[in-house]
Amino acid sequence: MATINDNYLKLKAGYLFPEIARRVNAFAEANSNAKIIKLGIGDVTEPLPEACRTAMIKAVEEMGDRATFQGYGPEQGYAWLREKIAAQDFQARGCEVDASEIFISDGSKCDTGNILDIFGNDNIIAVTDPVYPVYVDTNVMAGNTGAANDKGEFEGLVYLPITAENNFTAEIPSQKVDLIYLCFPNNPTGAVASKEHLKAWVDYARANGSIIFFDAAYEAYITDPEIPHSIYEIEGARECAIEFRSFSKNAGFTGTRCALTVVPKNLTAKAADGSDVELWKLWNRRQSTKFNGVSYIVQRGAEAVYSEEGKAQIKELVNFYLENAKIICKKLTDAGLGVFGGENAPYVWVKTPHALSSWDFFDKLLHTCNVVGTPGSGFGAAGEGYFRISAFNSRENVEEAMQRITERFTT
Ligand code: MLT
């Protein structure tokens, strides 16, 4: 008799975004005239930059010619893309990251989940609360947790609350943890981490032999020049951190799929016999066994992000969403709501008005304003009473959504 991975039964009913989609679809079916504006899932809306499209069209043509056709590519990604990333995203910021330490993939979501393949099941794992749900759910699936309590917290995980009191940046834990997920600019709160804050984490990780999983998928949204874009801007981070990056939010590749993970060559963790094992070798082994790389066409599109036109077009795209975030922050602040984030991130974290629960506010917003956001409690117990609004939409829709919300909820 075939059996299942019972860990899946521990998961809460559904992944957050499909649950939102379910409620929105039910509402839309019952209210076919409602013009619903979606500021929920952080999915981009604006077209791919021209530089990327042109590069991809050229790559398609190359695939149609025997002389330039490409079959399987290198599992780690093409060197011409990795070299540009190493030079422009890392070395230009003083980070010592070599092209050989970069692995191209089809998404940071996949990588932050898949990375658990190379780690043991006996690690103590810390996540912030609220948190990007993928970090928690993939640990549940991997059998790294016990059951959830009625607040939705899984036994065995260390939850680090991020609140308005600590500027949505977790306190360094007093206990010892082995794996730590950090996401800056933060999803869902839109908070950023200073160099000092990241240094405290790097110092902690080095002192405790811990590994930091640093999710920098939103780094392109950093406007404050004092805020680090990469954990490798912090001295010693090569000895304790893996970084995840994406082309989804800077270049609009959510549907096109391209991302990258940096695993420094000198980074190690312990084998059962106590020896130090290089994580780069394990990740390389994992990727070359379970992954055949991102398509040539898409990698050519990603490469164009690093051309002069590409850089200018991406800046324009990011600035467009940042302007949306600014409008959201201003309108909601003027309406008397408590508003966080949105300055160095495409997410605005809002205190729900009239002490409504996150899901009650979600339902009210959907039913009375026909606007969709994301309930803060979907990101963890400490997100209760908060609501995330994404800046990914057209200007017209953002303005219209803000008008509807402020008319209904001005306090
Ligand atoms: C979100 O809304 O949090 C995003 O969709 C996260 C992601 O990129 O998967």
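Residues numbered from 1 in each chain as written. Predicted model: local features only at pLDDT ≥ 70, side-chain atom pairs only at ≥ 80, totals over all residues. Heavy atoms only, no water.

## Concerning the site of the ligand
As a reminder of what qualifies: Distances are taken per atom, and a residue is near a molecule or strand as soon as one of its heavy atoms is within 4 Å of it. Counting of polar contacts relies on pairs of N or O atoms within 3.5 Å, with two restrictions inside protein: one atom must be capable of donating a hydrogen and the other of accepting it, and residues adjacent in sequence are counted only when both atoms are side-chain atoms. Residue burial considers only the protein chains on display, and all accessible areas are found by Shrake-Rupley using a 1.4 Å probe. Side-chain classes are defined by residue name, with Ala, Val, Leu, Ile, Met, Phe, Trp, Tyr, Cys and Pro counting as nonpolar, Asp, Glu, Lys and Arg as charged, and the others, Gly among them, as polar. Here the limits of each domain have been adopted from an automatic or database domain assignment.
Lining the immediate surroundings of the ligand are F17, I41, G42, Y132, N187, Y218, K249, Y347 and R388. At a separation of 2.6 Å, an oxygen atom of the ligand approaches a polar side-chain atom of Y132. Between the ligand and N187 there is a distance of 2.8 Å, counted from an oxygen atom to a side-chain nitrogen or oxygen. Coverage of the ligand by the protein amounts to 84% of the 270 Å² it exposes when considered alone. When the residues that make up the shell around the ligand are grouped by side-chain class, the tally is five nonpolar, two polar and two charged. Mapping the shell around the ligand onto the domain boundaries places at least three of its residues in each of domain 1 (6–47 + 309–409) and domain 2 (70–306).

## What to know about the packing of aromatic side chains
The criterion, for reference: Only rings of Phe, Tyr and Trp enter the pairing, Trp through its six-membered ring, and a pair is recorded when the two centres are within 6.5 Å. The plane angle decides the type: under 30 degrees is stacked, over 60 is edge-to-face, the rest tilted. Placement of a charge over a ring requires the Lys NZ or Arg CZ to be within 6 Å of the ring centre, with the centre-to-atom vector within 35 degrees of the ring normal.
Inspection of every chain in the model, using the stated rule, returns 27 aromatic pairs. The interplanar angle of 70 degrees and the centroid separation of 5.6 Å between the aromatic rings of F320 and Y321 together place this pair among those described as edge-to-face. Taken together, the ring pairs connect F17, F168, F340, W349, F379 and Y386 into an aromatic cluster. Sitting over the ring of W280, K265 keeps its end group 4.6 Å from the ring centre.

## Describing the pattern of salt bridges
Where we set the bar: Salt bridge, as used here: a side-chain nitrogen of Lys or Arg that lies within 4 Å of a carboxyl oxygen of Asp or Glu. Counting from the N terminus, the helices are DSSP H or I runs at least four residues long and the strands are E runs at least two residues long.
According to the stated counting rule, one finds 22 salt bridges in the structure shown. The residue K270 makes a salt bridge to D276 at a minimum N-O spacing of 2.8 Å. K330 is the partner of D334 in a salt bridge, and the nearest nitrogen-oxygen pair spans 2.6 Å. Separated by four residues within a single helix, D334 and K330 lie in helix α10 (residues 308–334), roughly one turn from each other. Because the salt bridges share partners, they merge into one network encompassing E19, R22, R23 and D363.

## Here's the deal with the environment of D363
Along the polypeptide, D363 turns up in helix α11 (residues 358–369). A polar contact of 3.3 Å, which involves the side chain of D363, links it to the side chain of R23.

## Let's talk about the domain arrangement of the protein chain
How big an interface is tends to be stated in terms of the accessible area lost upon association of its parts. Defined as follows: The criterion used for residue contact is that any of the two residues' heavy atoms lie within 4.5 Å. Buried area: the sum, over both parts, of the accessible surface (1.4 Å probe) that disappears when the two are put together.
Examined at the domain level, the protein chain breaks down into domain 1 (6–47 + 309–409) and domain 2 (70–306). For domain 1 and domain 2, the distance between their C-alpha centroids amounts to 25 Å. Taken residue by residue, the interface counts 35 residues in domain 1 and 44 residues in domain 2. Across the domain 1 to domain 2 interface the summed buried area is about 3200 Å²; carbon plus sulfur atoms make up 65%. Taken together, the connections running from domain 1 to domain 2 amount to 13 residue pairs in polar contact (both at pLDDT 80 or more). Going through the elements one at a time, α10, β11 (339–341), β12 (347–351) and β15 (386–390) are the ones with two or more residues in the side of domain 1 that touches domain 2. When residues in the side of domain 1 that touches domain 2 are grouped by element, the largest group, seven residues, is from α10. In terms of residue class, the side of domain 1 that touches domain 2 is built from 20 nonpolar, nine polar and six charged.

## Side note on the side chain of K249
We count it as follows: We call a residue buried when its accessible area falls under 20% of the maximum for its residue type, exposed when it is over 50%, and partly exposed in between, using a 1.4 Å probe and counting protein chains only. Residues scored as positive are Lys and Arg, those scored as negative are Asp and Glu, and His as well as the terminal groups of each chain are ignored.
Within the element layout of this structure, K249 appears in helix α7 (residues 248–251). We note that K249 is buried and unpaired, the nearest opposite charge coming from D43 at a distance of 6.8 Å. For K249, the side chain forms a polar contact with the main-chain oxygen of G42, separated by 3.0 Å. Polar contacts involving the side chain of K249 include one to the side chain of Y218, which spans 3.0 Å.

## Section: the environment of I20
In this structure, I20 sits in helix α1 (residues 16–30). According to the relative accessible area criterion, I20 is buried, its value standing at 6%. Along the backbone, I20 and G40 are 20 residues apart, and their C-alpha atoms lie at a distance of 8.1 Å. Once residues lying within four places of it in the same chain are set aside, the contact partners of I20 are W359, F362, V372, G373, T374 and P375.

## Digging into the state of the cysteines
Covalent bonding between the sulfur atoms of two cysteines defines a disulfide. The cut-off we apply is this: Defined by distance alone, a disulfide is two cysteine sulfur atoms within 2.5 Å.
Tallied over the full model, the rule gives zero disulfides. Just so you know, C110 is unpaired, no disulfide at all, and the nearest cysteine sulfur is the one on C258, 11 Å from it. According to the relative accessible area criterion, C110 is partly exposed, its value standing at 25%. Left without a disulfide partner, C183 is nearest to the cysteine sulfur of C110, which lies 15 Å away.

## Focus: empty space enclosed by the protein
Put simply, the rule reads: Think of a 1 Å grid over the protein atoms and nothing else: a 1.4 Å probe that fits but is trapped marks a cavity, an open set flanked by protein within 12 Å on at least five of seven lines marks a pocket, and residues with an atom within 4 Å of a point count as lining. Grid points are joined across faces, edges and corners, and a volume is the space filled by probe spheres set on the points.
Enumeration over the complete set of coordinates arrives at one cavity of 30 Å³ or more. In this model, the largest cavity occupies a volume close to 80 Å³. In terms of lining residues, the largest cavity is bounded by D89, A216, A217, Y218, E219, A220, R245, S246, F247, N250, L260 and Y306. Here the lining of the largest cavity is composed, by residue class, of seven nonpolar, two polar and three charged.

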